[in-house]
Amino acid sequence: MNHLPSKTKLFGSLHKPISKKRAAEQNCLSLLQLCNSLPKFLQLQSHIFKLGLQNNPLVLTKFTSISSDLNAITYASSFIFSPYVEPHFFDVFLFNTIIRSYAVTSDLKHNALCLYGKMLSYGIWPNKFTYPFVLKACAGIGELKLGHIVHGSVVKLGFHDDSHVLNTMVHMYCSCGGGIEYGRKMFDEMPKWNSVGWSAMIGGYVRWGLSSEAVELFREMQVARVAPDEVTMVCLLSACTDLGALELGKWLEAYIKRENVPKSAVLWNALIDMFAKCGDVDKALSLFRSMSQRNIVSWTSVIDGMAMHGRGAEAVSLFEEMKKDGVVPDDVSFIGLLTACSHSGLVEQGKGYFYSMTKEFGISPKIEHYGCMVDLLCRAGLVQEALDFVQRMPIKPNPVIWRTLITACRAHGELKLGEKITKELIKHEPTHDSNYVLLSNIYAKMFSWEKKTMIREVMVKKGMRKVPGSTMIELYNEIYEFVAGDKSHSEYKIIFQMVDDIGKEISRAGYIASTSEVLLDIDEEDKEGALNRHSEKLAIAFALMKTPPGTPIRIVKNLRVCEDCHSATKFISKTYKREILVRDRNRFHRFIDGICSCKDFW
């Protein structure tokens, strides 16, 4: 007769294999935690098979998480969804980890959505941690329709009252084209527990160039007594940079100090970038010098700042200092350096740095670097050399490069060449309005009014309009915007009168209107009137009306400043004894006592 085993023997025999399995699992998890290279990771995959843990959800989840850190999520995913792994062992935590890993990639975000669908097909229900990852993937893809579908699932499954889900939903809508209004609607309807939702909405406004709305929302945030965090500050500093709102930027810097907001490298770099692009490049340099640890972005930001202010020699000096400091330049830092050489007329140095990219640092020039070189040669009036350079390029020139050449042709009298290139460009880009504007401008310079009129008629027929010039100015914590001939301002009649008075004053000082800037077949007197209504002149007149004598004036122009406005601003700075700082699309112009920092080279 077989005797039953004793209780001790029975539980001992059951406990032994369980302990071994548990020990193997813990050992594998520990090894994964220490894994820091792809070869080790591949070895661990074999180890998982050897231990028979390929169906262990805990091990698979950790395996996926580590693969994301090693940029090997595609490899991990192919293993998990291979025939060797049984899907009935999958759980929501594993899928959340895979979805998150794909959501943070730069070019595989769509896989996160595919896996979300696979998860549902396996009958595994999402939880409140699933949707922030799925929504982040939607934000990266930027398809509004897709976002709406996921939003519907969130509501259907009852996660629409979770704060983390709601904040990510706002971010998702603000990242999709045409979604900013949906994002604001979500934001207005949801409880605002902390700064995260505010930062998402403010960041959304900044992303789509709605910086004034971002600043206005921040003011609402202050009224609501919600303390901004580092992310909010970075978004707001970007808004200040866009608007050229130096005073608001200074207030934000003071707030960061007063409230002891932690200064990460990202926040330091945002402050440097803001001060440089809002006109106070010396403050930007001072902040840069006070940083305890600088990264490549810090160096690039301050080099870019010097480039925008036409301080090419200082930009070159900083670049050399960066190399001595052991920081290896990247392709972005070379764009800033080449721009500095271009804006300061440092042609030979620019050429030297361009060729050093490949020889010294093994960096293959991208289209942006070739564009900088074309710009460098064109600004120096070397139009034929620029054309030869373009024709020898190993990569196909983009329309921006051709437009740079066309602009140089017009500026330096190579009108026939400019006409030929523009016509060719229109063949390849028949719907791009700026190509027609360039050709129209060339015909105006040739005094070919019939051809110019014909081009304008084609533009009207195609529904195209030239981008209007606009200028912003920050006065007494308010941002004012003017467009050419603007009558929307409540005081426009007084402003127009002030512009006329300024015109008379500077004419007495020797100013002569550059009427070739008006591309219309009208008489000279009418042309002068049209020039008088350019947006930067309206903004300067408004500043002269509203600020005490001697106060510096700072304005931001959305286009390149024209020759006439540049000349007029020099006379205004001398006649009215004002320092005038103009940021146009390309660079800064600092006008003091009738002289511009660009030395008439822009």
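A quick note: this is a predicted structure, and the numbers were derived from the prediction, not measured.

Q: Can you break down the overall build of the protein chain residue by residue, with the values?
A: Helix and strand counts for the protein chain come out as 30 helices and six strands. Taken along its principal axes, the extent of the C-alpha atoms in the protein chain is 125 × 55 × 55 Å. Counting the 602 residues in the protein chain, one finds 49% classified as buried. Of the contacts formed within the protein chain by residues at least 6 apart in sequence, a portion of 64% connects residues at least 24 apart.

Q: Go over the packing of aromatic side chains with me, naming the residues and quoting the values.
A: Working definition: an aromatic ring pair is given by the centre-to-centre distance plus the angle between the planes. Scanning the model with the defined rule gives 29 aromatic pairs in all. Between Phe354 and Phe389, the ring centres sit 5.8 Å apart and the planes meet at 65°, which makes this aromatic pair edge-to-face. Here Phe389 lies in helix H22 (residues 383-392) and Phe354 lies in helix H20 (residues 347-361), a separation of 35 residues in the sequence. What makes Phe389 buried here is its relative accessible area of 7%. Here the aromatic cluster, defined as three or more aromatic residues joined through ring pairs, consists of Phe41, Phe49, Phe63, Tyr75, Phe79 and Tyr84.

Q: Tell me about the UniProt feature "repeat: PPR" (unreviewed entry) in the protein chain, and name the residues and values.
A: Mapped onto this numbering, the UniProt entry gives "repeat: PPR" (unreviewed entry) at residues 91-126, 194-228, 264-294 and 295-329. A distance of 8 Å separates the end C-alpha atoms of residues 194-228, which is 74% helix and 0% strand. Measuring from the first to the last C-alpha atom of residues 295-329 gives 10 Å, for a span that is 74% helix and 0% strand.

Q: Explain helix H7 (residues 130-141) to me, using residue names and the numbers behind them.
A: In a regular helix each residue adds 1.5 Å, so 12 residues correspond to 16 Å; H7 covers 17 Å between its end C-alpha atoms and thus fits that length. Along its buried surface, H7 packs onto helix H5 (92-103), helix H6 (109-121), helix H8 (144-156) and helix H9 (163-175). Backbone geometry just after H7 places Gly142 at a positive phi near 80°.

Q: Outline the environment of Arg554, listing residues and values.
A: Among the structural elements, Arg554 can be located in strand E3 (residues 553-557). Looking at Arg554, the relative accessible area reads 29%, which means it is partly exposed. As a C-alpha pair, Arg554 and Thr453 span 101 residues in sequence and 36 Å in three-dimensional space. With near-sequence residues (within four places) excluded, Arg554 lies in contact with Leu246, Glu247, Cys278, Met472, Ile473, Glu474 and Leu581.

Q: Describe the domain arrangement of the protein chain, with residues and values.
A: In terms of domain boundaries, the protein chain breaks down into domain 1 (37-192), domain 2 (294-397), domain 3 (403-466) and domain 4 (472-596). Centre-to-centre, using C-alpha coordinates, domain 2 lies 29 Å away from domain 3. With nine residues of domain 2 at the contact, the number on the domain 3 side is seven residues. For the pair domain 2 and domain 3, the two sides together bury roughly 630 Å², of which 86% comes from carbon and sulfur. Three residues stand out in domain 2 for area buried against domain 3, namely Cys378, Val383 and Leu387, and they jointly supply 67% of the buried area on that side. Linking domain 2 with domain 3 are zero salt bridges, by the criterion used here. When the residues that make up the side of domain 2 that touches domain 3 are grouped by side-chain class, the tally is six nonpolar, one polar and two charged.

Q: An account of helix H18 (residues 312-324) is needed here, citing residue identities and associated values.
A: Across its 13 residues, H18 extends 19 Å between first and last C-alpha, which sits within 8% of the 18 Å expected from 1.5 Å per residue. Among the residues making up H18, those that are buried are Gly312, Ala315, Val316, Leu318, Phe319 and Met322. Along H18, the residues classed as buried sweep out an arc of 160° about the axis, all on the same side. Opposite the packed face of H18, turned more than 90 degrees from it, sit the exposed residues Ala313 and Lys324. Buried residues along H18 sit against helix H16 (281-290), helix H17 (296-308), helix H19 (331-343) and H20. Positive phi appears at Gly326, one or two residues downstream of H18, with a value of about 90°.

Q: With reference to specific residues and values, describe the packing of helix H27 (residues 492-508) against helix H29 (residues 535-546).
A: One way to put it is that H27 packs onto H29 with a least axis distance of 9 Å and a crossing angle of 95°. For the element pair H27 / H29, the angle class is roughly perpendicular. Between H27, through Ile494, Ile495, Phe496, Met498, Val499 and Ile502, and H29, the contact on the second element is made entirely by Lys537, Leu538, Ala541, Phe542, Leu544 and Met545. Each residue belonging to the contact of H27 with H29 can be placed in one class, and the counts come to 11 nonpolar, no polar and one charged.

Q: Can you break down unusual backbone geometry residue by residue, with the values?
A: Even without being glycine, Asn260 reaches a positive phi, approximately 55°. Judged by its relative accessible area of 64%, Asn260 is exposed.

Q: I'd like to hear about a nonpolar patch on the surface, residue by residue, with values.
A: Taken together, Leu38, Leu42 and Tyr75 make up a surface patch of nonpolar side chains, about 250 Å² in accessible area. For Tyr75, the location among the structural elements is in helix H4 (residues 73-80). The partly exposed category is assigned to Tyr75, whose relative accessible area is 36%.

Q: Hey, could you go over the sheet that holds strand E5 (residues 588-592) for me, with residue numbers and the actual values?
A: A sheet is described by the order of its strands in space; here six strands give the open sequence E2-E1-E3-E4-E5-E6, paired in mixed fashion. With partners counted over all chains shown, the strands left at the sheet margins are strand E2 (478-483) and strand E6 (595-596), one partner each. By the bridge criterion, four bridges tie E3 to strand E4 (residues 580-583) in an arrangement that is parallel. By the bridge assignment for E4, Val556 is matched with Arg583. With respect to the sheet, helix H30 (residues 563-575) is in contact with E4, E5 and E6, its orientation differing from that of E5 by roughly 35°.

Q: Got a sec to walk through the pairing of E5? Specific residues and values, please.
A: Direction of pairing for E4 relative to E5: antiparallel, over a ladder of four bridges. Counted as the bridge partner of Val582 is His589 from E5. Linking E4 back to E5 in an antiparallel pair, the connection comprises four residues. Summarising the sheet, E5 and E6 pair through two bridges and their orientation is antiparallel. Looking across to E6, one finds that Ile592 is bridged to Ile595. Between E5 and E6, which follow one another and run antiparallel, lie two residues, and Asp593 among them has a positive phi close to 50°.

Criteria and thresholds
Residues numbered from 1 in each chain as written. Predicted model: local features only at pLDDT ≥ 70, side-chain atom pairs only at ≥ 80, totals over all residues. Heavy atoms only, no water. Helix = DSSP H or I, 4+ residues; strand = E, 2+ residues; numbered from the N terminus. Buried < 20%, exposed > 50% of the residue type's maximum accessible area, 1.4 Å probe, protein only. Contact = heavy atoms within 4.5 Å. Phe/Tyr/Trp six-rings, centres within 6.5 Å; stacked < 30°, edge-to-face > 60°. UniProt positions renumbered as here; feature names shortened; annotations may be inferred. Expected span 1.5 Å × (residues − 1). Domains from an automatic or database assignment. Buried area = accessible area lost by both parts, 1.4 Å probe. Salt bridge = Lys/Arg side-chain N within 4 Å of Asp/Glu carboxyl O. Nonpolar A, V, L, I, M, F, W, Y, C, P; charged D, E, K, R; others polar. Arc of directions from axis to C-beta. Axes fitted to C-alpha atoms, helices over the stretch in contact; angles between N-to-C directions. Parallel < 35°, antiparallel > 145°, perpendicular 65-115°, else oblique. Patch = residues over 30% accessible without salt bridge, like charges linked within 9 Å, V, L, I, M, F, W, Y side chains within 5 Å. Areas by Shrake-Rupley, 256 points an atom, 1.4 Å probe, with all protein chains shown as cover. Pairing = 2+ DSSP bridges.

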